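Listed here are the chains, written in short residue letters.
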Amino acid sequence: MGSSTATQSSSSYDLSFKILLIGDSGVGKSSLLLSFISNAVDDITPTIGVDFKIKTLTVGGKRLKLTIWDTAGQEKFRTLTSSYFRGAQGIILVYDVTRRDTFTNLSDVWAKEVELYCTNEDCVKMLVGNKVDRESERAVSREEGVALAKELGSLFLECSAKTRANVEQCFEELTLKIMEVPSLLEEGSTSGKKNILIQKQQQQQTTQSLSSCCS
Amino acid sequence: MKVTGGIGNNGDSGNLMEGMDFPDYEDVSALESLSSGDQSPFVEDSDSHSNLMLDEFSSSKRAMEPNDVSDSESSDSDSSADHDVHHSFLSIRSMHDTAEVHSKEDSSPSKTEVQPQPCNAEDFATWQRIIRVDAVRANEEWIAYSTPQAGVVSDGRAHCSAQAVGLKDYDHLEPSRIFHAARLVAILEAYALYDPEIGYCQGMSDLLSPIITVMTEDHEAFWCFVGFMRKARHNFRLDEVGIRRQLNIISKIIKHKDSHLYRHLEKLQAEDCFFVYRMVVVLFRRELTFEQTLCLWEVMWADQVAIRAGIGKSAWSRIRQRAPPTDDLLLYAIAASVLQRRKQITEKYSSMDEILRECNNMAGHLDVWKLLDDAHDLVVTLHDKI
């Protein structure tokens, strides 16, 4: 089921990037991902541990494969989720514009997690304020968001997973920025090639083992 | 909730609450029982039942020293899962002791053992907030299986219950879902107070939801949940010891059953079996349908009861064809679900990510009876080796 699409997509992209979604529980990380992948905007049960989705898209004339990792927000899962920072080229830090604590936790907790666990110095960060469809309940102003983004040296966008406003822009801007960084571009293209190589090796192995079985 | 009020009969209730150091304490919604409204036809029955439980509580309490209780509650090993039933009633007392430690702000060595450091990382207000968010987004699969009384909830009653527990952002939900969410909040908050070492962790609402679907009374559902959590609570420990122990057993099962698959996992550095993390944490709840989950859990519990009743391996060794009861049936079932996919994994997957995706996408593709058959076969051949 999933495997056939994976094989297909792996042979039809130029670059492959790993992107990670982090932030407090309930800010809408999974919703943001689902909104981007499948346009669905239902209530989503809390993420247990980690999950990921793959999306192929064309940005700046390049065919891209994005592996987007969605993590559980609660502290109890942090030992697990921290191990998934490794090798990420892009990190999206999500907060809920209607809940100030999720915003302050980004600088108090999550930015430090990134510093600790991200193995990639050039990794591109993006600050995303979700749930702007609930403007009347807003507790964090756009200006504050911009200021924090500046402080963290990250990109910034406000979006709504529910209305899909700015959702695609969020992932596109991030990947465009990643592609501007030579070291990340290099990683993205080698991991793409390596993947294809492994696929080929695998196919050879299977045909070999099949033939040895038959003989 | 009613149970908490009942403890007042033993003269403890006041102290229990005074000693607590939770910032949002006055807002503790669990103090109200939602299910015991006037509409419920079971009120009388359940009252006598809860009295019965409280009698057990008070008599067993007299039999034990409070200090013993504290020790057992803070026990680190999985073996505390096998505690006598009375212990769980008693540990509400130990929670009280723990709370006092906090309010006094002193840290004599013996008392810090009672409340290990990591549990201060998140406070009750945090748990409360996450519980409320999670309750509203609980999946609605249970509705088809709920009892008729629970199915018909008036709009007024639903909103009343939601207000009682401080539920937010629920206007888009049907009354029966609002009511379900409110019950989740009440019981999960009560549990967080009852077991502050664990508090609340995401995934616990997945475990409680089936219980409140089949039990219309909050206090009964609470104690059932407490019994369930005696083993499952180790899945939610901050240090992940419980999870790692279980993943390790699954890894061993795979290694003994299928060395080819195991070598492949080693090659991909996936032999730690972290790809089945979610299955372990919420006991297959996300991969199986509601009905299948109840099936698996009941078979699992039957095994655990058989063990507690002393029907161990010796009785089974005479009937060699059948699997002896095991405390780890879940882990054999998880290993079985991975082994069922050995062909794809060994031939097609070249990274742990792909295996993780396969496992996270199992929902809707599992046959619970085949899974149990395979799990039992594994138990028969491997229980001596694991």
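In the annotation of an unreviewed UniProt entry, the entry for chain B reads Rab GTPase activator, and the organism field reads Solanum tuberosum.

For chain A, the name recorded in an unreviewed UniProt entry is AtRab GTP-binding protein, with Solanum tuberosum as its organism. The heading Subcellular location (unreviewed entry) in the UniProt record of chain A holds the text "Cell membrane".

Enquirer: What is the right way to look at the pattern of salt bridges in this model?
Expert: When the charged atoms of two side chains with opposite charge come close together, those side chains can pair. Scanning the entire structure with this criterion turns up 27 salt bridges over all chains. Residue Asp169(B) is joined to Arg134(A) by a salt bridge in which the shortest nitrogen-to-oxygen separation is 3.1 Å. Of this pair, Asp169(B) sits in the loop between α9 (155-164) and α10 (175-194) while Arg134(A) sits in the loop between β5 (124-130) and α5 (142-152), on two different chains. Since its relative accessible area comes to 44%, Asp169(B) is described here as partly exposed. The residue Arg341(B) makes a salt bridge to Glu358(B) at a minimum N-O spacing of 3.4 Å. Of this pair, Arg341(B) sits in the loop between α18 (329-339) and α19 (342-348) while Glu358(B) sits in helix α20 (residues 352-360); the two residues are 17 residues apart in sequence, bridging distant segments of the chain. The burial state of Arg341(B) is the same as that of Glu358(B); both residues are buried. Shared partners join several salt bridges into a network, and the residues in it are Arg99(A), Asp101(A) and Arg129(B).

Enquirer: Explanation requested: the confidence of the model for chain B in the structure shown.
Expert: Caution applies to low-pLDDT parts of the model: their predicted coordinates are not meant to be read in detail. Residues and elements named next belong to chain B. Confidence in the prediction of chain B, expressed as mean pLDDT, is 76, and 65% of residues score 70 or more. Taken together, the stretch residues 1-26 has pLDDT below 50 and engages in 53 contacts with residues farther than four places along the chain or on a different chain. When the criterion is pLDDT under 50, residues 37-120 qualifies, and its contacts beyond four places in sequence or with other chains add up to 110 contacts. Here the predicted complex carries an ipTM of 0.81, next to a pTM of 0.77.

Enquirer: Before we go on, may I ask you to explain the interface of chain B and chain A in this structure?
Expert: By a widespread convention, an interface's size corresponds to the accessible area lost as its parts come together. The partner chain A presents 34 residues to the 43 residues of chain B that form the contact. Buried area between chain B and chain A, both sides added, is near 3400 Å², and the carbon and sulfur share of it is 52%. Interface area lost by chain B to chain A is led by Arg137(B), Gln202(B) and Arg357(B), which between them contribute 20%. The tally of links from chain B across to chain A stands at two salt bridges. Counting across the interface, chain B meets chain A through eleven residue pairs in polar contact (both at pLDDT 80 or more). Only α7 (124-136), α15 (277-281), α19 and α20 of chain B provide two or more residues apiece to the side of chain B that touches chain A. In the side of chain B that touches chain A, the residues fall into 19 nonpolar, ten polar and 14 charged.

Enquirer: Would you take a moment to explain the sheet that holds strand β6 (residues 155-158) of chain A for this structure?
Expert: Hydrogen bonding along the main chain pairs the strands of a sheet, whether they run parallel or antiparallel. Residues and elements named next belong to chain A. Spatially, the six strands line up as an open sheet ordered β2-β3-β1-β4-β5-β6, and their pairing is mixed. The sheet is open, and its two borders are formed by β2 (50-59) and β6, each paired with just one other strand. Neighbour-to-neighbour, the strand axes of this sheet turn through a mean angle of 25 degrees, independent of strand direction. Where strand β4 (residues 90-96) and β5 come together, seven bridges link them in parallel fashion. Its bridge partner lying in β5, leucine 93 is registered against leucine 127.

Enquirer: Help me understand the domain arrangement of chain B in this model?
Expert: Residue and element names in this part refer to chain B. We note that the domain assignment places domain 1 (121-235) and domain 2 (241-383) within chain B. The distance between the C-alpha centroids of domain 1 and domain 2 comes to 28 Å. Of the residues lining the interface, 16 residues belong to domain 1; the matching set on domain 2 comes to 19 residues. Between domain 1 and domain 2 lies a buried interface of about 1500 Å² when both sides are counted; carbon and sulfur atoms form 61% of it. Per-residue buried area on domain 1 facing domain 2 is highest for Asp206, Lys231 and Asn235; these three make up 37% of the total on that side. There are two salt bridges connecting domain 1 and domain 2.

Enquirer: Sorry, what's going on with unusual backbone geometry here?
Expert: Positioned with a positive phi, Asn166(A) is a non-glycine residue whose angle comes to about 70 degrees. For Asn166(A), the location among the structural elements is in the loop between β6 and α6 (167-180). When its relative accessible area of 27% is taken as the criterion, Asn166(A) is described as partly exposed. A positive phi is found at Glu240(B), a non-glycine position, where the angle reads about 60 degrees.

Enquirer: I would appreciate a short explanation of the nonpolar core in the present structure.
Expert: Most often, soluble globular proteins have nonpolar side chains that are buried together. Core analysis: the biggest nonpolar cluster contains 128 residues, and Ile91(A), Leu167(B), Met204(B), Leu207(B), Phe275(B), Val276(B) and Phe284(B) have the highest contact counts within it. Residue contributions to this core peak at 14 residues, all from α10(B). Domain assignment of the residues forming this core places at least three in each of domain 1 (121-235) and domain 2 (241-383) of chain B. Setting aside its immediate chain neighbours within four residues, Met204(B) contacts Leu188(B), Tyr191(B), Ile198(B), Gly199(B), Phe225(B), Met229(B) and Phe236(B). Leu21(A), Leu57(A), Met126(A) and Phe171(A) belong to the second largest nonpolar core, which has 29 residues in total.

Enquirer: Explain the environment of Arg285(B) to me, please; I cannot follow it from the model alone.
Expert: Residue and element names in this part refer to chain B. The topology assignment puts arginine 285 in the loop between α15 and α16 (290-308). Between the C-alpha atoms of arginine 285 and tryptophan 297, which are twelve residues apart in sequence, the distance is 9.4 Å. With near-sequence residues (within four places) excluded, arginine 285 lies in contact with Asn139, Glu141, Asp206, Pro210, Phe290, Thr293 and Trp297. Here the side chain of arginine 285 touches leucine 288 through a polar contact of 3.2 Å, landing on its backbone oxygen.

Enquirer: Would you mind showing me how to read the packing of aromatic side chains here?
Expert: A ring pair, where both rings are aromatic, is described by two values, the distance of the centres and the angle of the planes. Throughout the structure, instances matching the rule amount to 16 aromatic pairs over all chains. Between Trp69(A) and Tyr84(A) the ring centres are 4.9 Å apart and the planes differ by 35 degrees, which places this aromatic pair in the tilted class. With a gap of 15 residues between them, Trp69(A) in strand β3 (residues 62-71) and Tyr84(A) in the loop between α3 (78-82) and β4 connect regions that are remote in the sequence. Using a relative accessible area of 9% as the deciding quantity, one classes Tyr84(A) as buried. A ring pair is formed by Trp297(B) and Trp301(B), whose centres lie 6.0 Å apart and whose planes are at 50 degrees; its orientation type is tilted. Highlighted residues: Trp297(B) and Trp301(B), both in helix α16, separated by four residues, approximately one helical turn. Overall, the relative accessible area of 28% leaves Trp301(B) in the partly exposed class. These aromatic residues form a ring-pair network of at least three members: Tyr191(B), Tyr194(B), Phe222(B), Trp223(B) and Phe225(B). Residue placement shows Arg78(A) over the ring face of Trp110(A); its charged tip is 4.3 Å from the ring centre.

The rules we used
Residues numbered from 1 in each chain as written. Chains lettered and ligands numbered in written order. Predicted model: local features only at pLDDT ≥ 70, side-chain atom pairs only at ≥ 80, totals over all residues. Heavy atoms only, no water. UniProt positions renumbered as here; feature names shortened; annotations may be inferred. Salt bridge = Lys/Arg side-chain N within 4 Å of Asp/Glu carboxyl O. Helix = DSSP H or I, 4+ residues; strand = E, 2+ residues; numbered from the N terminus. Buried < 20%, exposed > 50% of the residue type's maximum accessible area, 1.4 Å probe, protein only. pLDDT = per-residue confidence, 0-100. Contact = heavy atoms within 4.5 Å. Buried area = accessible area lost by both parts, 1.4 Å probe. Polar contact = N/O pair within 3.5 Å; in protein donor to acceptor, adjacent residues only side chain to side chain. Nonpolar A, V, L, I, M, F, W, Y, C, P; charged D, E, K, R; others polar. Pairing = 2+ DSSP bridges. Axes fitted to C-alpha atoms, helices over the stretch in contact; angles between N-to-C directions. Domains from an automatic or database assignment. Core = buried A, V, L, I, M, F, W, Y, C linked by side-chain atoms within 4.5 Å. Phe/Tyr/Trp six-rings, centres within 6.5 Å; stacked < 30°, edge-to-face > 60°. Lys NZ or Arg CZ within 6 Å of the ring centre and 35° of its normal.

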